[in-house]
Amino acid sequence: MGVLYILDEYQLLSVVFIFYVPLQCGPGGCLIELAQQLFIIMVGKQIVSNIQEFLLPKLKSWRQRRQLAKVRGTQISEEPQRWEEDYELIECEGLFEEYLEMVIQFGFITIFVAAFPLAPLFALLNNWVEIRLDAQKFVREYRRPVAERAQHIGVWFHILEALAQLSVIVNAFLIAFTSDFLPRLLYQYEYDSNLDGFLNFTLSYSPHSYVSTNHTLCR
């Protein structure tokens, strides 16, 4: 279920779509557009997600308290016991959403780090805020979950391991096909170490039929 949810993320599909439509990239290349989309995802989406994670539990808690107040009515009772206050909190829905959010973030910062090297920095800042938001949510808004003993994080570890291995291949293809790193390295090794004349090296000549017809040599 988690893998299907990751594949349904529109941000990930929009990033991967760049590799299938190279002709629609801007003059700066696909790497620039990929970096722009990753900046929007790692900054804009994270801010929106943090705001939602801060407001939604409070709204759910307010709604539940209001519904319980209607059930109790106007009866005057003594000061509520601790277990009664805990019952008014939201029922804990598990850690699936928390794990999923971290796995998606890990996928972005590892698979496309070559296009946007600042992604790990923004992820670090987001996780610093995320820790405080989760602490407030689980301590003040949610009921205490039932503890279960576990040796590890389960299938999430295998997903993270697969993403880490996939990131090596994807970043290698990013450097090889969407940047001029390898052509520059080849030109420095074969022709000139100072890259003099590299621009002419990257340009192709016009066909011989065009030159013979128009008596013009184009690059």
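Our structure's up above, just so we're on the same page.
Note that this is a predicted model, so its numbers are computed, not measured.

Q: Honestly, the packing of aromatic side chains in this entry has me stumped. Any pointers?
A: Both the distance between ring centres and the angle between the ring planes are used here to describe each pair of aromatic rings. Under the definition given, this model contains six aromatic pairs. Here F116 and F122 contribute two aromatic rings whose centre-to-centre distance is 6.0 Å and whose plane-to-plane angle is 5 degrees, an arrangement assigned as stacked. A relative accessible area of 23% means that F122 is categorised as partly exposed. The rings of F39, F116 and F122 are connected pair by pair, giving a single aromatic cluster.

Q: Is there a simple way to explain the nonpolar core in this structure?
A: The tendency in soluble globular proteins is for nonpolar side chains to be buried side by side. Within the largest apolar cluster, 21 residues are counted, with the highest numbers of intra-cluster contacts made by L34, L38, M42, F108 and F112. At the level of elements, helix 3 (30-72), helix 5 (96-111), helix 6 (119-141) and helix 7 (155-177) are the ones that each hand at least two residues to this core. For this core, the leading source of residues is helix 5, giving six residues.

Q: It is not clear to me how the packing of helix 5 against helix 6 should be interpreted in this structure. Could you clarify?
A: For the pair helix 5 and helix 6, interaxial distance at closest approach is 11 Å and the crossing angle is 175 degrees. The orientation of helix 5 with respect to helix 6, classified from their angle, is roughly antiparallel. On the side of helix 5, the interface is formed by E98, E101, M102, Q105 and I109, while helix 6 contributes A119, P120, A123, N126, N127, E130, D134, K137 and F138. Its residues assigned to classes, the contact of helix 5 with helix 6 comprises six nonpolar, three polar and five charged.

Q: Hey, could you run me through the pattern of salt bridges in this one?
A: When the charged atoms of two side chains lie near each other, side chains of opposite charge can form a pair. This model, assessed by the stated rule, comprises three salt bridges. Residue K137 pairs with E98 through a salt bridge whose shortest N-O separation is 2.6 Å. Here K137, found in helix 6, pairs with E98, found in helix 5; they are 39 residues apart in sequence, far enough to count as distant. E98 shares its class with K137; the two are buried. The partner of D134 in a salt bridge is K137, and the shortest N-O contact between them spans 3.6 Å. Linking D134 with K137, this pair stays in helix 6, spanning three residues, or about one helical turn. A relative accessible area of 15% places D134 in the buried class. For K137, a relative accessible area of 6% translates into the label buried. Three or more residues joined by partner-sharing salt bridges are found here, namely E53, E98, D134 and K137.

Q: Explanation requested: the environment of S167 in the structure shown.
A: With respect to the helices and strands, S167 occurs in helix 7. By relative accessible area, S167 is classed as buried at 8%. When the C-alpha atoms of S167 and T110 are compared, they prove to be 5.5 Å apart, with 57 residues separating the residues in sequence. Setting aside chain neighbours within four positions, we find S167 in contact with T110 and I111.

Rules of the game
Residues numbered from 1 in each chain as written. Predicted model: local features only at pLDDT ≥ 70, side-chain atom pairs only at ≥ 80, totals over all residues. Heavy atoms only, no water. Phe/Tyr/Trp six-rings, centres within 6.5 Å; stacked < 30°, edge-to-face > 60°. Buried < 20%, exposed > 50% of the residue type's maximum accessible area, 1.4 Å probe, protein only. Core = buried A, V, L, I, M, F, W, Y, C linked by side-chain atoms within 4.5 Å. Helix = DSSP H or I, 4+ residues; strand = E, 2+ residues; numbered from the N terminus. Axes fitted to C-alpha atoms, helices over the stretch in contact; angles between N-to-C directions. Parallel < 35°, antiparallel > 145°, perpendicular 65-115°, else oblique. Contact = heavy atoms within 4.5 Å. Nonpolar A, V, L, I, M, F, W, Y, C, P; charged D, E, K, R; others polar. Salt bridge = Lys/Arg side-chain N within 4 Å of Asp/Glu carboxyl O.

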